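The residues making up each chain are set out below.
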Amino acid sequence: MSSSGEILDVLIVGAGNAALAAAVSAREQGARRVVALEKAPRALRGGNTHYSGGLLRIAFDRADDLRPLVPDAEREVPGFYAGVEPYPHRLFMADLLRVTDGRTDPELAELLIGRSYDTACWMARQGIEMEPAVSLSAVKVGDTFKWSPGAVIRARHEGVGLSAMWFRIAERQGVEVRYDTAAERLLQDRTGRVVGVAVRGPNGLEELTARAVVLGCGGFEANPEWRARYLGRPWDHAKVRGTRYNTGDGLRMAMEVGALPHGQWTGCHSTPIDADAPPHGDRKLTDKTNRLSYPYGVLVNSRGQRFFDEGEDFQFYTYAKLGGIILNEPGGIGWQIFDAKVTHLLEGRYQTGTPQVAHTLEALVEKLPLDRAACRRTLEAYNAAVTPGRFDPTVRDGLATRGLTLAKSNWAQRLDTPPFVAYPVTGGITFTFGGVRVTNRAQVVSMSWAVIPGLYACGEMVGGLFHGNYPGGTGLMSGAVFGRLAGAEAA
Ligand SMILES: Cc1cc2nc3c(=O)[nH]c(=O)nc-3n(C[C@H](O)[C@H](O)[C@H](O)COP(=O)(O)OP(=O)(O)OC[C@H]3O[C@@H](n4cnc5c(N)ncnc54)[C@H](O)[C@@H]3O)c2cc1C
C-alpha cells in the first residue's frame, strides 16, 4: 500500500451531482486541495446523474421566481410564466409527506425543501444551465403549457448535460477528478476521526489522507446481492436504469466505521420501463426507456388483470412506486394499453419502443402473450365502468370508473377509438432509499448518536427522506442541497 504523503483538504468519493456539488462548494468555501474519486472510467463517469432526466423539484412562491434559473424560458416556450403555478414550501412538503405516508424525516425534509430554491440559484450561478422541462411534465392546452406541480425546470440537455456541466465547472474551479479509482475503506486516526480513504486505482492500492471526507457515491441499486439482502425477491433480477457502479460501497465503508443506518432499507425508487430495456442504463438512451403515460390508459398483467389504479394521481406522484409493483406481478411484466384518443399525450420517450398495434381491441389482445380471455373480460368490464364527464389531463379530473373493485380514479375514458396500442413494461430500479443518518450539517452520525468526525455524506447515501415512493425531481435536488452543504462543512 503506497501513500503520497500529501494531505488533501477535502476528499470527495464519487462524481455525480451530489459529489461534484460538494466539490465545487468546498472550493468556494476555501478548501484548496479538493480531489474527487470516480470508480468508473472516464467514458462511463457521472453516476446516475448522467442517465437522469435532469428534472429539479424546487419550491417557489411566484412563477417569476424562476427567472434567474431559466432566463430564456419565454423565448423557448412563449407564455411560459403564464402557465406555471407557484409551488410554495407548503405544497412541496405536503407532496413529500403524502407520497411517503408521513414517514419522511422531518428535519431532513425541511432542509431539502427550505434550501431547494436557494440551492437551484446557487447551481445557476456556478454555471448549471436550466430549461423548462417541456417533454417531461408539460401538457399543451390551447396556446399555453400547463405543468405538473413543482416539476417545471430541468438541467439543460437533461442528465447528460447536467453531468457534463458539473465536470466542466469542477475542473474550472480546480477540483481534480481521479478516474478508475474506487474508494475501498475509510482511514481513521486513534481518536476515531476519519482522516482519509484507502483506494484501488490505476497505480494499485493507495492511501489518500485528507482533513475531511465526503461520501457521495450512491446507493446499492447496482448490487444484486445487496438488493436480494435488503429488498428481497424479485429485486435480485431487476434491470438497473442507471449506472452499474453504485454497488453500496459508500454505505458499507460508512457502516464499517460505525455509521448509523437510516430510512427505508427495504425501499427503492423503481419505475415502469420498456420490458426490452438493457440490464443496465445505456449511455445514449439514458432515461428514454421510461413509460410514464399510464394515467391515460389501462395497465394489465400476464393474467390479463388490472393491478394498479392507473389514475391514482399525476405520474410524478406514482411512477416511482409503480416499477416495483409491476416487478412483483407474475413474470415481472405488464402491458400499457391506449386508444387513439390519447396517443398524442404519450411522452416522446414512447417513441423508443415498439408497441403492438391493432384496429380492434380484440385483435390487440390476440397479439399479446397473456391470458387473452381474462384480458378481454378485464377491458370489457373497464369500458362498462367508465362514467361520463370531461377528460382533462392538466388536473386530477375526477373522471373515475364506477363499480370496479380496483377503480381508476382519474382520467378514465373508454378504450373505443382505433388504432389501439400496447406497450410491454417491466420495473427498473433507479436508486435505493436506505442510507446513513446525517445531521443538518451533513455530518455522518454514529451508532452512538454522536457525529463521526471528518465524515460527511450526500446524495443517494442520505437515508430517511424517501419511503415507498417519491415525488419526481427530488433526487437531484436532494443531491444538490446536501452536496453543497457537505462540501461547505467539510471545507
Ligand atoms: C434513468 C434515471 C433517470 C432519473 N431521472 C431523474 C430526474 O429527472 N430528476 C431527479 O431528481 N432524479 C432523477 N434520477 C435520480 C437521480 O439521478 C439520482 O438521485 C442522483 O443522480 C443521485 O446523485 P448522487 O450524486 O447521489 O449519485 P450518482 O449520480 O449515482 O453518483 C455516484 C457516483 O459515485 C461513484 N462511485 C460509486 N462507488 C464508488 C467508489 N467505491 N469509489 C469512487 N466512486 C464511486 C459512481 O461511479 C458515481 O460517479 C434518475 C435516475 C436514473 C437512473
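Below, the structure is looked at part by part. No experiment lies behind these values; they were computed from the predicted model shown.

## Here we look at the overall build of the chain
Part 1: Regarding its fold elements, the chain presents 15 helices and 21 strands.
Part 2: Here the chain has a C-alpha radius of gyration of 23 Å; the compact-globule value for 491 residues is 23 Å, and the two agree.
Part 3: Overall size of the chain, expressed as C-alpha extent along the three principal axes, is 75 × 45 × 40 Å.
Part 4: Classification of the 491 residues of the chain by burial places 62% in the buried group.
Part 5: The contacts in the chain between residues at least 6 apart in sequence include a share of 74% that link residues at least 24 apart.

## Side note on the packing of helix H1 (residues 17-28) against helix H9 (residues 158-172)
Part 1: It is at 10 Å that the axes of H1 and H9 come closest, and there the two elements cross at 25 degrees. Of the possible angle classes, the one that applies to H1 and H9 is roughly parallel. You can see that H1 and H9 cross each other, and the crossing is left-handed. On H9, the residues that touch Asn17, Leu20, Ala21 and Val24 of H1 are Leu162, Trp166, Phe167, Ile169 and Ala170.
Part 2: Class assignment for the residues of the contact of H1 with H9 results in eight nonpolar, one polar and no charged.

## Side note on the sheet that holds strand E4 (residues 130-132)
Part 1: On the basis of which strands lie adjacent, the open sheet formed by three strands has the order E3-E7-E4 and antiparallel pairing. A single partner strand is all that each edge strand has here, and the edge strands are strand E3 (55-56) and E4.

## A look at the nonpolar core
Part 1: Ranked by internal contacts, the top residues of the largest apolar core, which has 144 residues, are Leu66, Phe80, Trp166 and Phe482.
Part 2: In this structure, tryptophan 166 is in contact with Asn17, Leu20, Ala21, Val24, Trp122, Met123 and Ile128, ignoring residues within four places of it in sequence.
Part 3: Within the second largest apolar cluster, 18 residues are counted, among which are Ile337, Leu364, Tyr382 and Val386.

## Looking at the site of the ligand
Part 1: Every one of the 39 residues lining the ligand counts as a neighbour, but Glu38, Asn48, Thr49, Asp249 and Leu476 are closest to it.
Part 2: Here an oxygen atom of the ligand and a backbone polar atom of asparagine 48 are 2.8 Å apart.
Part 3: Here an oxygen atom of the ligand sits 3.2 Å away from a polar atom, N or O, in the main chain of glycine 475.
Part 4: Burial of the ligand by the protein chains amounts to 97% of its free accessible area of 1,000 Å².
Part 5: Those elements that provide at least two residues to the shell around the ligand are H1, helix H2 (47-51), strand E9 (182-188), strand E18 (420-432) and helix H15 (474-490).
Part 6: Of the residues forming the shell around the ligand, the biggest block, four residues, is contributed by H2.
Part 7: Tallied by class, the residues present in the shell around the ligand amount to 13 nonpolar, 20 polar and six charged.

## Some remarks on the pairing of strand E10 (residues 194-201)
Part 1: Among the eight residues that make up E10, six are buried, leaving the element largely enclosed by the rest of the structure.
Part 2: When E9 meets E10, the two strands line up antiparallel, connected through six bridges. Bridging from a neighbouring strand, leucine 187 pairs with glycine 196 of E10.
Part 3: The hairpin formed by E9 and E10 contains five residues between the paired strands, and glycine 192 there has a positive phi angle of roughly 95 degrees.

## Section: the layout of surface pockets
A water-sized probe, rolled over the atoms, reveals where empty space remains.
Part 1: Approximately 460 Å³ is the volume attributed to the largest pocket.
Part 2: As for the largest pocket, its lining consists of 25 residues, and the residues nearest its centre are Ser137, Ala138, Val139, Tyr296 and Leu345.
Part 3: Taken together, the elements giving at least two residues each to the lining of the largest pocket come down to helix H8 (134-137), strand E5 (138-141) and strand E6 (144-147).
Part 4: The element best represented in the lining of the largest pocket is H8, accounting for four residues.
Part 5: Classifying every residue of the lining of the largest pocket gives 14 nonpolar, eight polar and three charged.

## Observations concerning the pattern of salt bridges
Side-chain pairing between opposite charges can occur once the charged atoms of the two side chains come close.
Part 1: Here the structure, examined in full by the defined rule, presents 36 salt bridges.
Part 2: One salt bridge in this structure joins arginine 484 and aspartate 118, with 3.0 Å as the shortest N-O distance. Of the two residues, arginine 484 is situated in helix H15 and aspartate 118 in helix H7 (residues 116-126); the sequence distance between them amounts to 366 residues.
Part 3: Its salt-bridge partner being glutamate 129, residue arginine 156 comes within 3.3 Å of it at the nearest N-O pair. Placement of the pair is arginine 156 in the loop between strand E7 (153-155) and H9 and glutamate 129 in the loop between H7 and E4, with a sequence separation of 27 residues.
Part 4: Connected via shared salt-bridge partners are Glu76, Glu129, Glu131, Arg154, Arg156, Glu158, Asp287, Lys288, Glu347 and Arg349.

## Structural notes on the packing of aromatic side chains
Part 1: Going through the model one piece at a time under the given rule, you end up with 23 aromatic pairs.
Part 2: Connected via pairs of aromatic rings, a cluster forms that spans Phe80, Tyr81, Phe145 and Trp147.
Part 3: We note arginine 45 situated over the ring of phenylalanine 167; from NZ or CZ to the ring centre the distance is 3.8 Å.
Part 4: Looking at arginine 98, its charged tip hangs above the ring of tyrosine 317, at a distance of 4.8 Å from the centre.

## Side note on the side chain of serine 163
Part 1: Within the secondary structure, serine 163 is located in helix H9.
Part 2: Residue serine 163 is classed as buried on the basis of its relative accessible area, which comes to 5%.
Part 3: When near neighbours in sequence (up to four residues on either side) are disregarded, serine 163 contacts Gly46, Thr49 and His50.

Quick notes on the rules
Residues numbered from 1 in each chain as written. Predicted model: local features only at pLDDT ≥ 70, side-chain atom pairs only at ≥ 80, totals over all residues. Heavy atoms only, no water. Helix = DSSP H or I, 4+ residues; strand = E, 2+ residues; numbered from the N terminus. Rg over C-alpha atoms; globule rule 2.2 N^0.38 Å. Buried < 20%, exposed > 50% of the residue type's maximum accessible area, 1.4 Å probe, protein only. Contact = heavy atoms within 4.5 Å. Axes fitted to C-alpha atoms, helices over the stretch in contact; angles between N-to-C directions. Parallel < 35°, antiparallel > 145°, perpendicular 65-115°, else oblique. Left-handed = near helix turned anticlockwise from the far one by under 90°. Nonpolar A, V, L, I, M, F, W, Y, C, P; charged D, E, K, R; others polar. Pairing = 2+ DSSP bridges. Core = buried A, V, L, I, M, F, W, Y, C linked by side-chain atoms within 4.5 Å. Near = heavy atom within 4 Å. Polar contact = N/O pair within 3.5 Å; in protein donor to acceptor, adjacent residues only side chain to side chain. Areas by Shrake-Rupley, 256 points an atom, 1.4 Å probe, with all protein chains shown as cover. 1 Å grid on protein atoms, 1.4 Å probe; cavity = no way out; pocket = protein on both sides within 12 Å on 5 of 7 lines; lining within 4 Å. Points joined across faces, edges and corners; volume = space filled by probe spheres on them. Salt bridge = Lys/Arg side-chain N within 4 Å of Asp/Glu carboxyl O. Phe/Tyr/Trp six-rings, centres within 6.5 Å; stacked < 30°, edge-to-face > 60°. Lys NZ or Arg CZ within 6 Å of the ring centre and 35° of its normal.

Just distances and angles here, no functional claims.
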